[in-house]
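A structural walkthrough
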Amino acid sequence: MASIINPESAKSLIKEYQQQNASAGGPAIKTHEGHLLNGYFLDRESLEAILKDPKVAGVSLKLAKHPDFKGKPGNHFTVLYSGAVPNTAPNPATPYVNAGVVYGGTPVCPPVCTT
């Protein structure tokens, strides 16, 4: 289970990521619009649609190449997310598997989210 991070620590960790992402030689992960990526916005409607399934134990987030840049160089990424259900296979390699529907087209920060 995830842990709660106090707001001051969260701000410090976010600032450090942003500084490293923007630094020369840093990873320079960019949005499809060319801005330095700070995060993503997950809307309530899609999260509620995932979580209404009583079998869903949580949400699985995957980093993926942004579809506008498929097959092209550059660090232009997006997130894909779906419900995760317990893996009932014998001797499963992972404890959870995709519940079916995968969401994408996730708005990026900036410009959607605050800093």
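This text goes with the structure placed above it.
The sections below set out a description of the structure shown in this document. This one's a predicted model, so the numbers in the text were calculated from it and none came from an experiment.

Judged by pairing direction, the sheet is antiparallel, and its 3 strands sit side by side in the order 2-3-4 without closing on themselves. Each end of this open sheet is capped by a strand with a single partner; those strands are strand 2 (58–65) and strand 4 (96–103). Across the sheet, the mean angle separating the axes of adjacent strands is 40° when strand polarity is ignored. As judged from the 8 bridges shared by strand 2 and strand 3 (residues 77–86), these two strands associate in the antiparallel manner. Within strand 3, the residue paired with V59 across the bridge is G83. Along the sheet, helix 2 (residues 44–51) makes contact with strand 2, strand 3 and strand 4, crossing strand 3 at roughly 25°.

To continue, consider the pattern of salt bridges. By the definition in use, this model includes 1 salt bridge. With a closest N to O distance of 2.7 Å, R44 and E48 form a salt bridge. Here R44 pairs with E48, and both are found in helix 2, just 4 residues apart, close to one helical turn. Judged by its relative accessible area of 63%, R44 falls in the exposed class.

Within the structure shown, the criterion is met by 1 disulfide. There is a disulfide in this structure between C109 and C113, and the S-S distance comes to 1.9 Å. The buried category is assigned to C109, whose relative accessible area is 5%.

Bringing a nonpolar patch on the surface into the picture now. A cluster of nonpolar side chains, contributed by L51, V59 and L61, occupies part of the molecular surface with about 260 Å² of accessible area. Note that V59 resides in strand 2.

Working definition: an aromatic ring pair is given by the centre-to-centre distance plus the angle between the planes. One pass over the full model with this rule turns up 1 aromatic pair. Between Y81 and Y103, the ring centres sit 5.6 Å apart and the planes meet at 20°, which makes this aromatic pair stacked. Of this pair, Y81 sits in strand 3 while Y103 sits in strand 4; the two residues are 22 residues apart in sequence, bridging distant segments of the chain. Taking the relative accessible area as the measure of exposure, Y81 reaches 3% and is therefore buried. In this arrangement the basic side chain of K72 is found over the ring face of F69, its NZ or CZ atom lying 6.0 Å from the centre.

For the bond running from C109 to P110, omega is 0°, close enough to zero to count as cis. Mapped onto the secondary structure, P110 falls in the segment after strand 5 (108–109). The omega torsion across P110 and P111 is 15°, close enough to zero to call that bond cis. Along the chain, P111 turns up in the segment after strand 5.

Calculation rules
- Residues numbered from 1 in each chain as written.
- Predicted model: local features only at pLDDT ≥ 70, side-chain atom pairs only at ≥ 80, totals over all residues.
- Heavy atoms only, no water.
- Pairing = 2+ DSSP bridges.
- Helix = DSSP H or I, 4+ residues; strand = E, 2+ residues; numbered from the N terminus.
- Axes fitted to C-alpha atoms, helices over the stretch in contact; angles between N-to-C directions.
- Contact = heavy atoms within 4.5 Å.
- Salt bridge = Lys/Arg side-chain N within 4 Å of Asp/Glu carboxyl O.
- Buried < 20%, exposed > 50% of the residue type's maximum accessible area, 1.4 Å probe, protein only.
- Disulfide = S-S within 2.5 Å.
- Patch = residues over 30% accessible without salt bridge, like charges linked within 9 Å, V, L, I, M, F, W, Y side chains within 5 Å.
- Areas by Shrake-Rupley, 256 points an atom, 1.4 Å probe, with all protein chains shown as cover.
- Phe/Tyr/Trp six-rings, centres within 6.5 Å; stacked < 30°, edge-to-face > 60°.
- Lys NZ or Arg CZ within 6 Å of the ring centre and 35° of its normal.

Geometry only, nothing functional implied.
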